[in-house]
Structures are given as C-alpha cells and as structure tokens.
Amino acid sequence: MTNTLVSGPGQDIVHALEKLDTQLRWLSSWTVHNANHVREKRDGMKVGGHQASCASMTTIMAALYFHALRPQDKVAVKPHAGPVLHAIHYMLGNQSLDQLQRFRGLGGMQSYPSRTKDQIPVDFSTGSVGLGVAITAFASLVQDYLIAHGQLEEASAGRMIALMGDAELDEGNIYECLIEGYKHDIRNCWWIVDYNRQSLDHTTADRMFRRFDDIFETCGWRVLTLKYGKLQRAAFKRPGGKSLEEWIDNCPNVDFAALTYQGGAAWRKRLMADIGDKPHAAKLLDSFDDDALAALMTNLGGHCVETLTQAFDSASGDDVPTMFIAYTIKGYGLPLAGHKDNHSGMMNPPQIAQLRDSLGIAQGDEWNPYAGLGDNVAAELDAFIRQSAFAATPSERPGEAIAIPSRLPVPDGAEQSTQSAFGRILMDLAQPGNPIGDRIVTTAPDVTQTTNLGGFVNRRGLFRRQELADIFHAAKIPSAQKWAGHAAGQHIELGIAENNFFLMLAALGLAAAQFGTRLLPVGTVYDPFIARGLDALNYGCYQDARFLLVGTPSGLTLGPEGGAHQSINTPLIGMGQPNLTYFEPAFADEVALTMAYAFDHMQKPDGSSVYLRLSTRTIAQVERANGDWEEDALKGGYWLRKPDAKAEIAIVFTGAIAPEAMAAWEQLAEDMPGLGLLNVTSPDLLHRGWSAQRSARWTGGDYAPCHAQALLSQLAPGAALVTVIDGSPGALSWLGGVKGMRVSPLGIDRFGQTGDLPDLYRTYRLDADAIVEAAAELFVGN
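In this report, the structure presented in the accompanying data block is examined. (Residues numbered from 1 in each chain as written. Predicted model: local features only at pLDDT ≥ 70, side-chain atom pairs only at ≥ 80, totals over all residues. Heavy atoms only, no water.)

## With respect to the packing of helix 18 (residues 418–429) against helix 26 (residues 588–601)
Now for step 1: Contact geometry of helix 18 with helix 26 gives a least axis separation of 9 Å together with a crossing angle of 50 degrees. If you check the angle between helix 18 and helix 26, you find them oblique. Read as a crossing pair, helix 18 and helix 26 show a hand that is right-handed. Across the interface between the two elements, Thr418, Ala421, Phe422, Ile425, Leu426 and Leu429 from helix 18 touch Ala588, Val591, Ala592, Met595 and Phe599 from helix 26.
Now for step 2: Here the residues of the contact of helix 18 with helix 26 are counted per class, giving ten nonpolar, one polar and no charged. (Axes fitted to C-alpha atoms, helices over the stretch in contact; angles between N-to-C directions. Helix = DSSP H or I, 4+ residues; strand = E, 2+ residues; numbered from the N terminus. Parallel < 35°, antiparallel > 145°, perpendicular 65-115°, else oblique. Left-handed = near helix turned anticlockwise from the far one by under 90°. Contact = heavy atoms within 4.5 Å. Nonpolar A, V, L, I, M, F, W, Y, C, P; charged D, E, K, R; others polar.)

Okay, structure coming up:
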C-alpha cells in the first residue's frame, strides 16, 4: 500500500515539525562534528559517529516524537540515530550540554541508545542490529500478558515502536520474530523503516523493493509505503508527471543515490536523456531550476512532514501491527547525501561551516537548540515541543517487590537430578494462591516438557489472548500435559528459535521498569543451545533485564544425544557475561537455595539475571547435619568435606560430576588424611570476588580476602588442587592462581560423542580413576 492516508495536521503543526526537523539535523550533525573535529583528541583516533544516518531519520523522528507519540508509547531507536534522540531530549531540557559535548567520550552520551549508560530516558537499548527491532514485538506481547492478568489497564496500552534502518531487514532475527508474533497475534506494534537503501558497504538490493510488503502482510501486518513527498505527488499530477513517476519507480537504488550526490544538473541531464522525449516531460522539468529539481527528486515520503503525520494518523485508530516503509535519502540535507561512502563519512570543517551559515547560525552559537530561528520563532517552537504528549511521558517506576523466603521447600528423594528438582520446586510454587507463583511467567523454545516445566504449565496453563482448547484432553486421550491456553495462563510457548526466546525473556525482565509491574520470568533452554541466542542474551543483560535462565540438560551427562547436544563452553559464558550470575548446583537442596536467591536477586537494585546450569543425571543426595553450608554456597562454594589444616591437596568439583568427585575422595582419603572436597556452586561468583579483590587496591574497593581465598586458606601452604567439571576446565583451573597452587584441571575441551556415562567419563577423563590419577600426578610432581 503506498501513501493511502487520512488528512493530516494543520499547517502550523507542519511548519513547527519542519523547523524541528532542521534543528535536529543540525544538532545531531554538530554533536558528531564536535567529537571528531573540535574536541581535543589525545589518542589521535577517529571518534566516529553517523551524520548521514542521523540525517535520514530527523524528519521521521520529529513527526513521531512531537506528533504521534503518546506518554505510554515506547520506542527503540535505530542505533546510528542515537544523536537525534539525544538532540530531542536536549531540546526538551532532559539532556545536558556536557553530555552532548562528551559524545563517545568517557561518561558522555553513548554511541548508541543505552538504558543503563545514558542519562536520558531510553526505552530499549539498541546497537546489535535487528534485536532492538524485534524486542518491541515481544514487549507488545508482555503488555498483552499484563492486561490479561489485570496488572495493566487496557486504556493504558501503548504502542511498541521500532525505528529501524533498512539494512536491519537483512537480519534473520527480524523474521524469526515476525513468525512468532503472528502465532501470538501481537498488536500495538509499529515498525518504521528508514528506507534509505544504503547500508555500510553498498546500496541495498533492488529486488527487495516489493517483497517486504508481501512478507509482512502475510504475517498479518498492515504495510504503509511512504515513497513520495508532497512536492512529488503534486508534480505527478501535472502534464508529464506520470512519466516522471514511472522513472522514479524504476530507477535502480545505486543510480538514485549517485544522482542525489551529484545534484540538480545531473538529475536534469539523466532525466532528459531518459524521458525528455515523453509528452510534456521536458516542459515539466524545465519548470524547475537545478536546485528546485534536486529538491523535487529528493522529496521522498520519509522527508515530508505531511506525508509522515498523515500516515501516523491513519494507523492510530486501531491496534493492528503496522510497518511504515519510509523512503529517505541517507545524508539528506547534508553534502554527504547519497554518496556510497557516507555511512562512516562525515563533514569536514568547511562543509559544516557552510551548513551552519546556510541555517543562519552564528559562529559560537552552535549548541543553542534554537539557533538561527530568531527569538519569536524559537519561543513558539519551544512552547510547541513542551506541549507535546511526549513531553508528558512519566519517569519509569520500579514495580513493587515480591517477598521471597530465604529458602524454598526441597523436593523429597534419595536420588534426584537437578533438572527434576527444579521442575518440582516450580510446580510447588504453582499451587493456587501462592503469591510467588502468581508472578512467575515461564517460557521455552519448544522444550517445555524436556526441561521439566510441564508441571508448572499443567497447573497454570498456556497464555493466549484467545481461548485455546486442549483437544487431546477434551477427547480423553491420555497425556501428561494438560495445556489449555487462556488469558490467565502463565507460560508463553515459543518455537525453536533461541533469539526469540532470549528476547522474550528480556522483554519480560523489563516489565517492572516499563510497565510498573514486576514479573519473575523463568526461561528454560537446552544448555548447549544458549550459544544459538548468545547475541540476544547479551542484549537482554546489557539493558539490565531481570530473568532466571535455566540451561538443561548440560554437558556429557546428555550422553546418548552426542556432541551436538553436549555443552562445553557454557560455564565460561556464565562467568563472562555481565549482569548474569551463574550457578551450577549439584544437589536438590542447592537448587532450592539458588532458586530462592535468584528470585530475590532479580529484584534488587544492584541485582542481575541468574543462570542455573542443570543436569538430567540422577545422583544420590547428601545428608546435611545443618544449614551451615548455605551461606558459603551462595558465595560460590563450600567444603563438602572440610580439609585438615595440613592438607596438601583438595578435590574441587562443580555440578553433576559430584559422584565421581566423592568416589575419588573416598579412595584417596585413606592415604591422604584430611583431604578436602570443595563443591563450587558458582565459579562465576568465586572468580568475580577474586577479580574484585585483586583490583580493589586500584579502585578503592574492599581489599578484604575474597571467598575463594577464604576457602583455599584452609589448606596447607603450597597445597595442590584437582579441579573437575562437566564443561570447560578453564571454569575452575584459574583457582590455582588465587594462592599460587599447582592445579591438575579435568574437564571437556573437545566435542563429545554418543555413549553411556561410564564410557564417556572414562574416555574424556572425568571418572573417579582420572581424578585419583590427577591427584597422584600432583604428588609425584611435588
């Protein structure tokens, strides 16, 4: 659909938005210029920035923010248009001059919009291409979830809006998200494409011109294509205008870009050569001088305030997801316009001076948000933006905290796996009336049954805005799953697309900040497939979304499934990922303890998301004399068998490998009295504490011994360690550096294969014999 519009706003609003467009283009350009050409460069490096990418968005953002946006709407801004967003808040008084002047400098405004690092309000962090777009679809689903559960008024529903570059449409996660959104019938979602047809390296493919309409309309979206501006539409109605319109429609992207850069004379030469012999075309072209002809040919829909506002108004009357394809010029209004190298290019000092002079901005007045307008116009424009609905957007408010007990009930059973314990604890929380269970929302990428979420779903149901009957249950066909879908359901089932899974968790984990209602999101995924969605996991953590991630099954313990399903490096991911705390419990009571910790930690101002690496391996549970171990377990580790003060060696293990570590301890304890057995529940917390302690002398932090030091100090000086984990040995081998101990690290450093556990543990040296041999080797070496 192209330019099918309702009548737009009055001319006074149009003129105000056009002035805003100009000011935003200038401020964003000057911010980048200042960082690269004015501010002192101590390292001589290019600071960077994207003047051309900002210029293609300023009209769109002026019309959106100061005409279409309501206080409840939320926007993910195209990463390279970050300076435009900051310019908007600068004009509103929400951003400081100091921040603009320190663009891409320490403590200044960030390169790309950031919820956690920018001082202005940012609804969604962006930067990793495509993810900032896709999360808006999942945010709309979260909004529907809260409305259905009575935690948000329908009248308060906002639109989840993404401003995206057309090159982001190359990202696969866009289409994974599109399919999932169709399954869940998302609404109140707008995606606005800055269709400038230039990416980092080249112009975009002409073949895609008419495909996006088909793709999005097939998935239930309304598509509004804004190709022509007001000037072009008027010209098309004149004699010869049809020939001009057809020429524009058929012009290759690369030709259009090159002619834009060359200017009016080049436009005239090309058009006369191609359509000059068409009826009335020459006369039409002759009615414009070169500057006017260039203005006409670049008067695309994405640079026409009236076209944009009419399009936004036409889609505002319902909740149908809508894609706006706004044709633009990359670098519009700048001397860089259309040049194929303009993505990373920027204006030089003479060019920025020429632009400044053309806008009537006096030298030295560059940072004045209303420079070049005159006092009366500046006052009118200031009043206009402060009366906008967007200016009344309230500050985010954290949701009310959910009380969590210090420990959760431990499932009964002499032998259990950590995965089954997790499922049973969650099912217990799903009992009717449990206030914790009422706030839990679970999700999984089509692995709900095989990750032990089934019990929770049986009790709480699938979330669907429209009723979805369980046909098997209605037909009395026996099944362990009773999964009716309804508005009160608390499980959001996803397809096999881990990017969607992590974006769903991120959207749920932002509910407290964005919608004022705190949820406790729990997501399960096969542990090796965390890597499939790692970019989206990092994206969720970067904007400090809070959720509980459960990776299960993990490691070689998933023996018969083979190497493709046996995770190796996920402990290192857990240790290396900021804003994610990783635990790997070995026993059911540790699962209960860490789950209680997770639900509480997720809500703390200085908290984070939590990752539990679990296993399907059933092992014998240990008997506890008391709860003395719990405090240390939540710090990262505790002595399952305390060492003697003269112990010269200790076995250190993590997770499901506990039986082998305990068996090796039994074999060695007779010959090595006082041998210690250290259960590391969180390599992440131990390493983080050690790193913080090491850097404290430089950062002014607490220089007290870290937990790893406190634990290992119970061994004799010069003692050695055998470390063992069903994962990368690097997750534990670093412990030798804490007190200068020799280490024999056991773990997985190559792809696994099919087999049962005895064969696999023997082959990959994870069995008790391997641990005993490693200990003996350390003694021989001593």
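## Quick word on helix 7 (residues 172–183)
Now for step 1: Here helix 7 is twelve residues long and its end C-alpha atoms lie 17 Å apart, about the 16 Å a rise of 1.5 Å per residue gives.
Now for step 2: Listed as buried for helix 7 are Asn173, Ile174, Cys177, Leu178, Glu180 and Gly181.
Now for step 3: The elements touched by buried residues of helix 7 are helix 6 (131–148), strand 2 (160–165), strand 3 (189–195), helix 8 (211–218), strand 10 (491–494) and helix 22 (498–509). (Expected span 1.5 Å × (residues − 1). Buried < 20%, exposed > 50% of the residue type's maximum accessible area, 1.4 Å probe, protein only.)

## Some words on the side chain of Thr654
Now for step 1: Mapped onto the fold, Thr654 is located in strand 17 (residues 649–654).
Now for step 2: Of note is the side chain of Thr654, whose polar atom sits 3.0 Å from the backbone oxygen of Val680.
Now for step 3: Those residues within four positions of Thr654 in sequence are excluded, and the remaining contacts are Tyr582, Glu584, Val680, Pro683, Val724, Ile725 and Leu732. (Polar contact = N/O pair within 3.5 Å; in protein donor to acceptor, adjacent residues only side chain to side chain.)

## Thoughts on the packing of aromatic side chains
Now for step 1: Per the counting criterion, the structure on display carries 22 aromatic pairs.
Now for step 2: Note on Phe583 and Tyr597: the rings are 5.3 Å apart at their centroids and 75 degrees apart in plane angle, and the pair reads as edge-to-face. With Phe583 in strand 13 (residues 580–583) and Tyr597 in helix 26, the pair connects residues that are 14 residues apart, well separated along the chain. Take Phe583 and Tyr597: they sit in the same class, and that class is buried. (Phe/Tyr/Trp six-rings, centres within 6.5 Å; stacked < 30°, edge-to-face > 60°.)

## As for empty space enclosed by the protein
Now for step 1: Applying the stated criterion across every chain, the model contains five cavities of 30 Å³ or more.
Now for step 2: Lining the largest cavity, in full, are Thr418, Ser554, Gly555, Thr557, Glu584, Pro585, Arg613, Leu614, Ser615, Gly655, Ala656 and Asp726. (1 Å grid on protein atoms, 1.4 Å probe; cavity = no way out; pocket = protein on both sides within 12 Å on 5 of 7 lines; lining within 4 Å. Points joined across faces, edges and corners; volume = space filled by probe spheres on them.)

## Overview of the packing of helix 1 (residues 11–38) against helix 16 (residues 349–358)
Now for step 1: The interhelical angle for the contact between helix 1 and helix 16, taken along N-to-C directions, is 150 degrees, at an axis separation of 11 Å. Here helix 1 lies roughly antiparallel to helix 16, going by the angle between them. In the packing of helix 1 onto helix 16, the handedness of the crossing is left-handed. Of helix 16, the residues touching helix 1 (which contributes Trp26, Ser29, Trp30, His33 and His37) are Pro349, Ile352, Leu355 and Arg356.
Now for step 2: Class assignment of the residues belonging to the contact of helix 1 with helix 16 gives a composition of five nonpolar, three polar and one charged.

## Some remarks on helix 3 (residues 58–68)
Now for step 1: By the criterion of burial, helix 3 is predominantly enclosed, with ten of the eleven residues buried.
Now for step 2: Listing the buried residues of helix 3 in full gives Thr58, Thr59, Ile60, Met61, Ala62, Ala63, Leu64, Tyr65, Phe66 and Ala68.

## Examining the pattern of salt bridges
Now for step 1: According to the stated counting rule, one finds 39 salt bridges in the structure shown.
Now for step 2: Taking the shortest distance from any N to any O, the salt bridge between Arg222 and Asp318 comes out at 2.8 Å. In this pair, Arg222 is assigned in strand 4 (residues 222–226) and Asp318 in the loop between helix 15 (305–314) and strand 5 (322–327), connecting sequence segments 96 residues apart.
Now for step 3: Among the charged side chains, a salt-bridge network with shared partners connects Asp144, Glu154, Asp185, Arg187, Asp319 and Arg465. (Salt bridge = Lys/Arg side-chain N within 4 Å of Asp/Glu carboxyl O.)

## Side note on the nonpolar core
Now for step 1: Counting 147 residues, the largest nonpolar core has Trp191, Leu244, Leu549, Phe599 and Leu735 as its most contacted members.
Now for step 2: Of the residues forming this core, the biggest block, twelve residues, is contributed by helix 6.
Now for step 3: Discounting chain neighbours no more than four positions away, the residues touching Phe599 are Ile404, Leu408, Leu429, Ile440, Leu520, Val522 and Leu548.
Now for step 4: Counting residues in hydrophobic clusters, the runner-up holds 66 residues, among them Val32, Leu92, Met109 and Val122. (Core = buried A, V, L, I, M, F, W, Y, C linked by side-chain atoms within 4.5 Å.)

## With respect to the sheet that holds strand 17
Now for step 1: If you walk across this open sheet you meet the five strands as 16-18-17-19-20, and the pairing is mixed. Each edge of the open sheet carries a strand with a single partner, namely strand 16 (637–641) and strand 20 (742–746). Averaged over all neighbouring strand pairs, the angle between strand axes comes to 25 degrees, with direction disregarded.
Now for step 2: In this sheet, strand 20 lies alongside strand 19 (residues 720–725) in parallel orientation, the contact comprising five bridges. Following the sheet pairing, Leu721 is matched in strand 20 by Val743.
Now for step 3: Helix 28 (residues 658–669) rests against strand 16, strand 17 and strand 18 (676–680) of the sheet, and its axis sits at about 165 degrees to strand 17. (Pairing = 2+ DSSP bridges.)

## Concerning the environment of Trp483
Now for step 1: The residue Trp483 is located in the loop between helix 21 (471–474) and strand 9 (485–486) in this model.
Now for step 2: Residues Trp483 and Leu462, 21 residues apart in the sequence, show an inter-C-alpha distance of 6.2 Å.
Now for step 3: When residues no more than four places from it in sequence are discounted, the contact partners of Trp483 are Thr448, Gln449, Gly454, Val457, Asn458, Leu462 and Asp470.

## Section: the sheet that holds strand 1 (residues 74–76)
Now for step 1: Taken in spatial order, the five strands make up an open sheet running 1-2-3-5-4, and their pairing is parallel. Each edge of the open sheet carries a strand with a single partner, namely strand 1 and strand 4. Pairwise comparison of adjacent strand axes, ignoring direction, gives a mean angle of 15 degrees for this sheet.
Now for step 2: Relative to strand 2, strand 1 runs parallel, the two being bridged by three bridges. In the sheet register, Ala76 faces strand 2, and the bridge partner there is Ala162.

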